[in-house]
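Report on the structure
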Amino acid sequence: IAKIVKPPWGLIVGAFRYGSWTPTRSEWLYAARCIQREENERIV
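Keep in mind it's a predicted model, so treat the numbers as computed, not measured.

Attention now moves to the overall build of the chain. Along the backbone of the chain there are two helices and two strands. Along the chain, helices and strands appear, N-terminal first, in the series β-β-α-α. Sorting the 44 residues of the chain into buried and exposed places 2% on the buried side. Within the structure as shown, the chain displays about 4,600 Å² of accessible surface, and the carbon and sulfur contribution to it stands at 60%.

Rendered as structure tokens:
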């Protein structure tokens, strides 16, 4: 079950059952491109 919520501060928050998610290579690449530069530096 997926749920997308837009809270008052404007960010979109998503919730889903990540245990059943099996992303494709293109989905991983897209997700990596969506991470902000500061967060990417912190993660890597």
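On to a nonpolar patch on the surface, then. Side chains of F16, Y18, W21 and W28 sit close together on the surface and give an oily, nonpolar patch of about 530 Å² of accessible area. By the element assignment, W28 lies in helix α1 (residues 25-34).

So, about the confidence of the model for the chain. For the chain, per-residue confidence averages 75 on the pLDDT scale, and residues scoring 70 or more make up 66% of the total. Ranking the helices and strands of the chain by mean pLDDT puts α1 first, with 86, and strand β1 (residues 3-5) last, with 59.

Basis of the calculations
All residue numbers refer to positions counted from 1 along the written sequence of the respective chain. Only residues with pLDDT of at least 70 get local features here, since the model is predicted, and only at 80 or more are side-chain atom pairs given and counted; chain-wide, interface and lining totals rely on the full set of residues. Remark: hydrogens and water are excluded; side-chain values derive from all non-hydrogen atoms of the structure. Helical segments are the DSSP runs of H or I of at least four residues, strand segments are the runs of E of at least two, and each set is numbered from the N terminus. For each residue, the accessible area found with a 1.4 Å probe, counting protein chains only, is set against the maximum for its type, and the residue is called buried under 20%, exposed over 50%, and partly exposed in between. Here the accessible surface of atoms and residues is derived via Shrake-Rupley with a 1.4 Å probe, and residues count as covered only by protein chains that are part of the display. A residue counts toward a patch only above 30% relative accessible area and without a salt bridge, and it is joined to like-charged neighbours within 9 Å or, for Val, Leu, Ile, Met, Phe, Trp and Tyr, to nonpolar neighbours within 5 Å. By definition, a salt bridge exists where a carboxyl oxygen of Asp or Glu is found within 4 Å of a side-chain nitrogen of Lys or Arg. The pLDDT value expresses, per residue, how confident the predictor is, ranging between 0 and 100.

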